[in-house]
Amino acid sequence: MSWLVRPDRFGRDMTSLHPRLVLVTRHTEFDSLLAFHGTRGQVAFFLESRGQDIADLEDRHRQQLTAVDAVKQSLPETWSLAEVRRDDLDRFLFTPNDVIVAIGQDGLVANLAKYVSDQPILGVTPDPERFEGVLTSLPANSLSALLPDVAAGGIALERRAMVEARLGDGQVLRALNELFIGHRSHQSARYVLRYAGSEEFQSSSGVIVATGTGLTGWAKSILTATHHQVAFAPTDKSAVYLAREPWPSRTSGCTLNVGELHGDASLTIGSRMNDGGVIFADGIEQDYLRFDWGLDVTISVSERTLNLVRAT
């Protein structure tokens, strides 16, 4: 069954609607500098004063624009188009008949993941020589052939696991790479961690919970420093939690500093922070859940996945 063949929350048959292509981008470095300095000349002067050349930034900016134009040219005649910047994702309303194209680096797909449900996502790289292209592996000129097949459900999707944090009041936050649970500043995070029948009060730099996708990012640096070894694939329903620099004292411990979550297993953390406790996903600190004293959060591998279209 195609992902389009189902009613929406109002009971409407979504097969009666043509697909909508949602184009997701973020401001280029040139965009950001131009917005701050006002003119190209001022941007060039600013960079030259720091021993840098504007040509490289302009080249990357042009590559981004070229990729955006190529994707727009690939749009089937009956489809509609919507565009959204990364900074506006938390205010954008995705619909079940969307096909989503993210143009940029891998992090853009991670930023996007928590805002969608089961829509297919195509990650497009504007510069295959410069970017890693793990999640954005598709060239822009390949979409003309891909888009109709994606909408018809004829393309196999890579379903990457996500993790979710669920508060007692029903608030939920999901992540493709990792969740961070801790203090919003450099203060120590204080919490009670409950895992596999054991409980420990910890004071640390916070806890991250990473998926197989996240094992190549923030989690990798922690695993390398602590000499822990974890191995599971991005599509496995698995995650690992890592307490960052837990401090052993008379009241706080560090024996539950790492653990794996497989299948329906979960981890519970109870906040002991008077103020400033937060939970955020994939590095987007401005979109967070408050996690102050007395709140409990349950963390597990989500039933929702990132449905990524891969190059064939």
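Residues numbered from 1 in each chain as written. Predicted model: local features only at pLDDT ≥ 70, side-chain atom pairs only at ≥ 80, totals over all residues. Heavy atoms only, no water.

Q: Got a minute to help me understand the layout of surface pockets in this structure?
A: In this approach the atoms are scanned with a rolling probe the size of a water molecule, which exposes any empty space left behind. Here the largest pocket defines a volume of roughly 460 Å³. For the largest pocket, the lining is made up of 22 residues, of which Gln105, Asp106, Gly107, Leu135 and Asn177 are closest to its centre. Looking at which element gives the most residues to the lining of the largest pocket, the answer is helix H4 (residues 106-113), with five residues. Grouping the constituent residues of the lining of the largest pocket by class yields six nonpolar, nine polar and seven charged. The space that makes up the second largest pocket amounts to roughly 360 Å³. The greatest single-element share of the lining of the second largest pocket, amounting to three residues, is contributed by strand E6 (residues 172-175). For the lining of the second largest pocket, a count of residues per class yields nine nonpolar, three polar and six charged. (1 Å grid on protein atoms, 1.4 Å probe; cavity = no way out; pocket = protein on both sides within 12 Å on 5 of 7 lines; lining within 4 Å. Points joined across faces, edges and corners; volume = space filled by probe spheres on them. Helix = DSSP H or I, 4+ residues; strand = E, 2+ residues; numbered from the N terminus. Nonpolar A, V, L, I, M, F, W, Y, C, P; charged D, E, K, R; others polar.)

Q: Whenever I open this one, helix H3 (residues 54-73) confuses me. Can you help?
A: Structurally, the α-helix is built with 3.6 residues per turn, so residues lying three or four positions apart point the same way. Taking 1.5 Å of rise per residue, 20 residues should cover 28 Å, and H3 covers 29 Å from first to last C-alpha, within 8% of that figure. Along H3, the positions that sit buried rather than exposed are Ile54, Leu57, Glu58, His61, Gln64, Ala67, Val68 and Val71. Those residues of H3 that are buried are in contact with strand E1 (20-25), helix H1 (29-37), helix H2 (40-48), strand E3 (98-103) and helix H5 (143-151). The opening residue of H3, the one whose side-chain oxygen lies 3.0 Å from the backbone nitrogen of Ala55, is Asp53. (Expected span 1.5 Å × (residues − 1). Buried < 20%, exposed > 50% of the residue type's maximum accessible area, 1.4 Å probe, protein only. Contact = heavy atoms within 4.5 Å. Polar contact = N/O pair within 3.5 Å; in protein donor to acceptor, adjacent residues only side chain to side chain.)

Q: How do you make sense of the packing of aromatic side chains when you look at a structure like this?
A: By convention here, two paired aromatic rings are described through the distance between centres and the angle between planes. Applying the stated criterion across every chain, the model contains four aromatic pairs. When the centroid spacing of 5.8 Å and the interplanar angle of 15° are considered together, the rings of Phe180 and Trp218 count as stacked. Placement of the pair is Phe180 in strand E7 (residues 178-183) and Trp218 in helix H6 (residues 218-226), with a sequence separation of 38 residues. Members of the aromatic cluster, joined through ring pairs, are Phe180, Trp218 and Phe280. Sitting over the face of the ring of Trp293, Arg272 holds its NZ or CZ atom 5.7 Å from the ring centroid. (Phe/Tyr/Trp six-rings, centres within 6.5 Å; stacked < 30°, edge-to-face > 60°. Lys NZ or Arg CZ within 6 Å of the ring centre and 35° of its normal.)

Q: Help me out: how do you make sense of the sheet that holds strand E12 (residues 258-262) in this one?
A: The strands that make up a sheet are held in pairs by hydrogen bonds between backbone atoms, and each pair lies either parallel or antiparallel. Across the sheet, six strands lie side by side as E12-E11-E10-E7-E14-E15; this open sheet has antiparallel pairing. If you trace the sheet from one side to the other, it starts and ends with E12 and strand E15 (284-290), each paired once. Here the average twist between neighbouring strands, direction ignored, is 20°. Two elements, strand E11 (residues 238-243) and E12, share five bridges in a ladder whose sense is antiparallel. Directly across from Leu242, in E12, lies its bridge partner Val258. (Pairing = 2+ DSSP bridges. Axes fitted to C-alpha atoms, helices over the stretch in contact; angles between N-to-C directions.)

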